[in-house]
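Chain by chain, the residues:
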Amino acid sequence: MKPLLTVFTPSFNRADCLRHCYESLRRQTCRDFIWLVVDDGSTDGTKELVKEWMREGALDIRCHHQENGGMHAAHNAAYELMDTELNVCLDSDDLMPEDAVASILEFWERHGSDRVAGLAGLDADVKTGELIGTAFAGDVQETTLTGFYAAGGRGDKKLVYRTALMKQLPPYPVFPGEKYVGLGYKYMLADRVAPLLTMNKVLCLVEYREDGSSRNMFRQYVLNPRGFAFLRKEGMKYQPSRRRRFMEAVHYVSASLLARNPVFLRESPRPLLTLAALPFGVVLTGLILAKNGRKE
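Caption draft 1: Fine view of the overall build of the protein chain. A count of helices and strands for the protein chain gives 12 helices and eight strands. Relative to its length of 296 residues, the protein chain is compact, with a C-alpha radius of gyration of 20 Å against a globular reference of 19 Å. Along the three orthogonal principal directions, the C-alpha set of the protein chain runs to about 55 × 45 × 35 Å. Taken over 296 residues, the protein chain has a buried fraction of 51%. Element-wise, carbon and sulfur atoms account for 51% of the exposed surface of the protein chain, whose accessible area totals about 14600 Å². One way to put it: in the protein chain the 39 positive side-chain charges average out to a point 8 Å from where the 37 negative ones average out.

Caption draft 2: Up close: the pattern of salt bridges. Counted according to the given criterion, the structure contains 10 salt bridges. Note that Glu56 and Arg26 form a salt bridge whose closest N and O atoms lie 3.7 Å from each other. In this pair, Glu56 is assigned in helix α2 (residues 46–56) and Arg26 in helix α1 (residues 15–26), connecting sequence segments 30 residues apart. Classification of Glu56 as partly exposed rests on a relative accessible area of 43%.

Caption draft 3: Main features of the pairing of strand β5 (residues 118–125). Counting buried positions along β5 gives eight out of eight residues, so the element sits mostly inside the fold. Bridge analysis of β5 against strand β7 (residues 157–162) gives five bridges, and the strand direction is antiparallel. Its bridge partner lying in β7, Gly118 is registered against Tyr161. Of the strand pairs in this sheet, β5 and strand β8 (residues 196–206) are connected by seven bridges, and their pairing is parallel. Note that in β8 the partner of Leu119 across the bridge is Leu197.

Caption draft 4: Inspection of the side chain of Asp125 at higher detail. Relative to the elements of secondary structure, Asp125 occurs in strand β5. Although buried, Asp125 forms no salt bridge, and the nearest oppositely charged side chain, Lys127, lies 6.7 Å from it. Polar side-chain contacts of Asp125 include one of 2.8 Å to the backbone nitrogen of Lys127. Ignoring sequence-local partners within four residues, the contact set of Asp125 consists of Glu130, Ile132 and Val206.

Caption draft 5: Local environment of the state of the cysteines. Per the stated rule, a full pass over the model turns up zero disulfides. The thiol sulfur of Cys204 is not disulfide-bonded, and the nearest other cysteine sulfur, from Cys21, lies at 8.6 Å.

Basis of the calculations
- Residues numbered from 1 in each chain as written.
- Predicted model: local features only at pLDDT ≥ 70, side-chain atom pairs only at ≥ 80, totals over all residues.
- Heavy atoms only, no water.
- Helix = DSSP H or I, 4+ residues; strand = E, 2+ residues; numbered from the N terminus.
- Rg over C-alpha atoms; globule rule 2.2 N^0.38 Å.
- Buried < 20%, exposed > 50% of the residue type's maximum accessible area, 1.4 Å probe, protein only.
- Areas by Shrake-Rupley, 256 points an atom, 1.4 Å probe, with all protein chains shown as cover.
- Lys, Arg positive; Asp, Glu negative; His and termini not counted.
- Charge placed at Lys NZ, Arg CZ, Asp CG, Glu CD.
- Salt bridge = Lys/Arg side-chain N within 4 Å of Asp/Glu carboxyl O.
- Pairing = 2+ DSSP bridges.
- Polar contact = N/O pair within 3.5 Å; in protein donor to acceptor, adjacent residues only side chain to side chain.
- Contact = heavy atoms within 4.5 Å.
- Disulfide = S-S within 2.5 Å.

Now the structure itself:
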């Protein structure tokens, strides 16, 4: 009988931490799942390592190798390849509590249906065990991600989606020469189709590395401006609050300037809002370039 769940892990030169990810999946009290590893052009022996685990036979492992295209391209490949009812992404440097898979499957058996997009669980810090952000108001309630954050919710959440829904949504766009499009794009689209069920259960243990993540994000802005501009345009369409839509417009202006797009105002889904955000976007662009040690 085919498993109900695919746990998929995009990985690029993360063989060192991928081993810990694998061990956490081996410790699952329920192994009725497929582990799909999307090797996004690694050169550190990831392919050979995963083959070794496949020979061990402890888990049902599938591996897909592709040229390096970035996290969003790896997600595109995963959605194309998987054929289980549910899926969840486990990053290569994250772990799952031992009962995570069992909890997902039991919850879905009791409450899941085609009427919802899936379920949302909680993340916790792998070192301290402290919850990342805020919990949901209760179990088995319906919410959308955009609605949760608009209402003051905080922190990353572990998202388990129905595969059929994610397959019917457009893939992440790929921009030549760029390797980043925010994963929130498909989550926003899913919000418009169906709500998520809430599950106040930690499904993922996250390690936040002290290696200058915010500084790295400023670098991503410069390296992938078209990808960021695309995501911000979508945000202006779908974010529920005026404040959030304005912030999206500010970032859209900045990304468009970094991309040297002279027609960004014409391409905006909200041109008046974009015009109002223009001076703030100019300031943000200067900040991004300064953080990257560059001059216009």
